[in-house]
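These are the residues of each chain, in order.
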Amino acid sequence: ASLLLSAARRLRSMHFVPGGSQKFLDKALASNADALIVDLEDSVAPADKLAARLEVSRWMETVDFGTKTCCVRINALDTDLWEADLVATLRAKRPDMYVVPKVSSKEDIERIGAVLSRLERSVGRPEGSVTLMPIATEVPQAPLRAHEIAAAP
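Residues numbered from 1 in each chain as written. Predicted model: local features only at pLDDT ≥ 70, side-chain atom pairs only at ≥ 80, totals over all residues. Heavy atoms only, no water.

Trainee: Which parts of the structure should I look at to understand the nonpolar core?
Mentor: What tends to happen in soluble globular proteins is that the nonpolar side chains get buried as a cluster. Counting 36 residues, the largest nonpolar core has Trp59, Met60, Ile74, Leu86, Tyr98 and Ile112 as its most contacted members. When residues of this core are traced back to their parent elements, those giving at least two are helix H2 (22-29), strand S2 (35-39), helix H3 (49-62), strand S3 (69-73), helix H4 (82-89), strand S4 (97-100) and helix H5 (106-122). By residue number, the principal contributor to this core is H5, which donates 5 residues. The residues touching Leu86, leaving out its near neighbours within four places in the chain, are Ile74, Tyr98, Ile112, Val115 and Leu119. Formed by 7 residues, the second largest nonpolar core is a distinct cluster that contains Leu11, Ile37, Val99 and Met133. (Core = buried A, V, L, I, M, F, W, Y, C linked by side-chain atoms within 4.5 Å. Buried < 20%, exposed > 50% of the residue type's maximum accessible area, 1.4 Å probe, protein only. Helix = DSSP H or I, 4+ residues; strand = E, 2+ residues; numbered from the N terminus. Contact = heavy atoms within 4.5 Å.)

Rendered as structure tokens:
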């Protein structure tokens, strides 16, 4: 929770970028936003998910994000897309954070955390080097569990 809070304090402004749209990425890189959230979820049509994921994967390896925090908003955990989003986008240096939509419990965080730890090791990153930002306002029961979600390892 402390990593989440310290990261959130540095992120006064966040610019959402539709995954796979170079035009929008270029505009966002020129902005004064503290963080760019590359979105693979709601801003990408179902038919375009694979192509967007591949393009975002390329961005994680080639784009200079400067001092901006680089975040990837993955698909929800109740889909079969989220794990492939992690595999495709986690690289040696990027992203700094994953935005996790539709989180409903601490078990959701534990589930993604286990997969992320394994992937961090596989790309040579220290375990826990990527921060998670759970969105706990999109599922009705989540706000009632916000404290336990925030405290999840």
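Moving on from the model shown.
Trainee: Sorry if this is basic, but what is going on with H3 here?
Mentor: Between its first and last C-alpha, H3 extends 20 Å over 14 residues, near the 20 Å set by a 1.5 Å rise per residue. On its buried face, H3 sits against strand S1 (14-18), H2, S2, S3 and H4. (Expected span 1.5 Å × (residues − 1).)

Trainee: For this particular structure, what's the right way to read the packing of aromatic side chains?
Mentor: For the structure shown, the criterion picks out 0 aromatic pairs. Geometry around Phe24 places Lys23 over its ring, the cationic atom sitting 5.0 Å from the centre. (Phe/Tyr/Trp six-rings, centres within 6.5 Å; stacked < 30°, edge-to-face > 60°. Lys NZ or Arg CZ within 6 Å of the ring centre and 35° of its normal.)

Trainee: Mind showing me how you'd approach the sheet that holds S4 here?
Mentor: In sheet architecture, strand pairing relies on hydrogen bonds along the backbone and comes in two forms, parallel and antiparallel. Strand order in this open sheet of 5 strands is S1-S2-S3-S4-S5, and the pairing throughout is parallel. Among the strands making up the open sheet, the edge pair consists of S1 and strand S5 (131-134). Sheet twist, expressed as the mean angle between neighbouring strand axes with direction ignored, is 25 degrees. Across 5 bridges, the pairing between S2 and S3 is parallel. In the sheet register, Asp39 faces S3, and the bridge partner there is Arg73. (Pairing = 2+ DSSP bridges. Axes fitted to C-alpha atoms, helices over the stretch in contact; angles between N-to-C directions.)

Trainee: Explain unusual backbone geometry to me, please; I cannot follow it from the model alone.
Mentor: Generally, phi is negative for residues other than glycine and the peptide bonds are trans, each holding for most cases. The omega torsion across Arg94 and Pro95 is -5 degrees, close enough to zero to call that bond cis. Looking at the secondary structure, you find Pro95 in the loop between H4 and S4. One non-glycine residue with positive phi stands out, namely Lys102, at about 55 degrees. Mapped onto the elements of the fold, Lys102 is located in the loop between S4 and H5. With a relative accessible area of 30%, Lys102 lands in the partly exposed category.

Remember that the coordinates give geometry; whether it matters functionally is a separate question.
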